[in-house]
Amino acid sequence: MSYEETIEYLFKSTPVFEHVGASAYKEGLDNTRALDEFFGHPHRKYKTIHVAGTNGKGSCSHTLAAILQTAGYKVGLYTSPHLVDFRERIKVDGRCVEESYVVDFVEAYRSFFEPLHPSFFELTTAMAFKYFADTQVDIAVIEVGLGGRLDCTNIIMPILSVITNISLDHVSFLGNTLEKIAGEKAGIIKPNVPVVIGESNSAATPIFLQKAQAVNAPIVFAEDKPHRMVVSSQAAETGGRFYELSSGRRAFGDLMGDYQEANMNTTLVAAMELRRQGVVETDEPVIQGMSNVVKLTGLLGRWQCLNKRPYVVCDTGHNSGGWNYLSRQMARQPNKTKRIVFGMVDDKDLDAVMAMLPHDGIFYWTQPSTHRAFPVEEVAACGGRHGLRGVVFHDVMSAYRQAFADADAEDFVFVGGSSYVVADLLSGLQP
């Protein structure tokens, strides 16, 4: 099979959560353990860092990878979902897994895994862990797919666990309260392995403390003194952000978006734990790594600027926790007119996010190319109930092209509401 045929095979022969939602979710780790045993437990051949959380885990994972690369390590990075190419999920030192590796993996092992009927994510995780072993990485940053306790990445024994934050998302799988969701995320806390909690709350904190104490895991809450690293931040005129650190030092981070202040604090506290372990020996790889995340890892879709005039931004924020930040940042944009291309998928709280969208915006309602998308008519109707008016487009690129055509040089164009909206946009903009 060609690479394109192999990817089509993976999408069609294994249940893909991004495409079909709940029916792709397989509770339990039986398949994962069978795959892991078959491949000889590859994740035991290198150190790992495990990152969970409702929002921010992608940014934190990529920034930690950039720091470790700057420190001289060969670094694996496993994240999801991808935006343009499946290979984005599996990287070594910022380079995507080779197409030939994906093809050869499927060809060589399909006779074993087909009878297991693994999910897409179960099989992809096994591929990633084996690839990192085959390429002899020193350390891999592993992002949880969904939840934590029963996520198929949770077979690893990391040197550090990170939980970025907790808010309501994937409630049909993880529970409909912050306590239940925190319990699922706390499942990545391992015996005697330090854990950094990025942002917590009165519902989640006792859950994390109880689990950490039960397994003797040292626990740090990154927001609390004396651990807090980031005092404040502000957007840089040329992109990125400047951070005032508790040490008195000023540092630059290339990731944009107001929410990166909380993410960077979580990441820097995690990096200090790596310093304590001797994994990172000085501050310099930390400072240099945080300033070159996009260059070193290829991260996409985080308040990503696509055009200056008009100012065009896309962002993968897709739930109420993420939109708490995005809505405030959008409201502060000084541009003459806000033109917003917006769609969501059906396991998110559409009504809650609609309540945060700016009433002075002009909306281009749309739906991403996934079976999980809210029909655009439903999105537009919900917007109307919130006093938002716009025009319906049945695909993302049509909506974006119209918004861009309508904009003059002083306008602000935003594309988002779902990772899949951003994926359709970035794919459509490819030459």
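Rules used in this analysis
Residues numbered from 1 in each chain as written. Predicted model: local features only at pLDDT ≥ 70, side-chain atom pairs only at ≥ 80, totals over all residues. Heavy atoms only, no water. Domains from an automatic or database assignment. Contact = heavy atoms within 4.5 Å. Buried area = accessible area lost by both parts, 1.4 Å probe. Salt bridge = Lys/Arg side-chain N within 4 Å of Asp/Glu carboxyl O. Polar contact = N/O pair within 3.5 Å; in protein donor to acceptor, adjacent residues only side chain to side chain. Helix = DSSP H or I, 4+ residues; strand = E, 2+ residues; numbered from the N terminus. Phe/Tyr/Trp six-rings, centres within 6.5 Å; stacked < 30°, edge-to-face > 60°. Lys NZ or Arg CZ within 6 Å of the ring centre and 35° of its normal.

## Remarks on the domain arrangement of the protein chain
At step 1: According to the domain assignment, the protein chain consists of domain 1 (3-295) and domain 2 (304-429).
At step 2: A straight line from the C-alpha centre of domain 1 to that of domain 2 covers 27 Å.
At step 3: In this complex, domain 1 contributes 20 residues to the contact, which on the side of domain 2 involves 23 residues.
At step 4: Roughly 1700 Å² is buried in total at the junction of domain 1 and domain 2, and carbon and sulfur atoms are behind 49% of that figure.
At step 5: For the domain 1 face of the interface with domain 2, the top three residues by lost area are Leu83, Asp258 and Tyr259, together amounting to 34%.
At step 6: Viewed at the interface, domain 2 and domain 1 are joined by one salt bridge.
At step 7: When the shortest N-O distance is used, the salt bridge between Arg332 and Asp258 registers 2.2 Å.
At step 8: At the boundary of domain 1 with domain 2, the tally comes to five residue pairs in polar contact (both at pLDDT 80 or more).
At step 9: The element best represented in the side of domain 1 that touches domain 2 is helix H2 (residues 17-20), accounting for four residues.

## Some details on the packing of aromatic side chains
At step 1: All chains considered together, the criterion is met by 24 aromatic pairs.
At step 2: Of the aromatic side chains, those joined through ring pairs into one cluster are Trp303, Tyr311, Trp323, Phe342, Phe363, Trp365, Phe412 and Phe414.
At step 3: Sitting above the plane of the Phe242 ring, Arg250 keeps its charged end 4.3 Å from the centroid.
At step 4: A cation sits over an aromatic face here: Arg328 above Tyr325, 5.4 Å from the ring centre.

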